[in-house]
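Structural overview for review
The primary structure of each chain is shown beneath.
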Amino acid sequence: MHLRLTESELATLVEMVSLATQSATWNQLPEHEADFQRFVAMEQKILSRATETGCGDWIAYDQEEQRLFLTEEAREQLYAQKCVDEMRSELFWEELIFRLAERDTENQIGKAKWTALNDKQRDKLIAPLQDRYFAEFRKNGIRGLHLIYEREQG
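For the structure given in this document, a descriptive report is provided here.

Thresholds, definitions, all that
Residues numbered from 1 in each chain as written. Predicted model: local features only at pLDDT ≥ 70, side-chain atom pairs only at ≥ 80, totals over all residues. Heavy atoms only, no water. Buried < 20%, exposed > 50% of the residue type's maximum accessible area, 1.4 Å probe, protein only. Helix = DSSP H or I, 4+ residues; strand = E, 2+ residues; numbered from the N terminus. Expected span 1.5 Å × (residues − 1). Contact = heavy atoms within 4.5 Å. Lys, Arg positive; Asp, Glu negative; His and termini not counted. Salt bridge = Lys/Arg side-chain N within 4 Å of Asp/Glu carboxyl O.

Not every positive phi belongs to a glycine, and Gln 66 is a case in point at roughly 60°. Residue Gln 66 is classed as exposed on the basis of its relative accessible area of 52%.

Next comes the structure, spelled out in C-alpha cells:
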C-alpha cells in the first residue's frame, strides 16, 4: 500500500503519531510493553521519513535511546502538545474533584452505607459536592486547598 502525503499532511501525521507515542509512555504496565513497542516502531518509521522532508528541523536523534524523537522546541509549538497540556489539566481537576467529593460523602454517610451504594447512586450523591468543588477551584484554584496532617502517635 502506498500513501501519498503533502509535506503539510506529513507534518500533521508526525504530530499525531508522536502524540500517540507520548500518551503510550504513560502506560507503565509491563504487559503492555509489546504494544508500546508497536507505537515506537511506527513513530520511528514516520519520523525517519519526515527527516527527509520539511520536518527535519523538528526531529533529532537520541544516541542513548537509539531513536528519533521530536525536539522539545518543536513539541512546545505543536497543536498536539497544547492538547496534551489541556488534557492533563482537565484530568487533574476532574480526578481531584471526584476523589474529594467521594471522600467527603463517604465520611458524611459512613463507610458501610457508602459501600452499599451502586455507582449510579454514588454519582447522584456526590454531584452537589462536585459542583461546589468545581465552582471553588474555578474561582480560586488550589489556593484554598490545605492538608491537615495527623499527629504521629509515638
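Once you've had a look at it, read on.
Right, let's get into helix 4 (residues 79–109). For helix 4, with 31 residues, the first-to-last C-alpha span of 45 Å sits near the 45 Å given by 1.5 Å per residue. Every buried residue of helix 4 is accounted for by Ala 80, Gln 81, Val 84, Leu 96, Ile 97, Leu 100, Ala 101, Asp 104 and Thr 105. Turning to helix 4, the residues buried within the fold contact helix 1 (7–24), helix 3 (72–77), helix 5 (111–116) and helix 6 (119–140). Once helix 4 finishes, Gly 110 follows within two positions and takes phi at roughly 100°, a positive value.

Once that is clear, we can look at the side chain of Glu 15. Within the element layout of this structure, Glu 15 appears in helix 1. Although Glu 15 is buried, it makes no salt bridge; Lys 82 carries the closest opposite charge, 7.5 Å away. Those residues within four positions of Glu 15 in sequence are excluded, and the remaining contacts are Leu 78, Tyr 79 and Ala 80.

What is shown is where atoms sit, not what they do.
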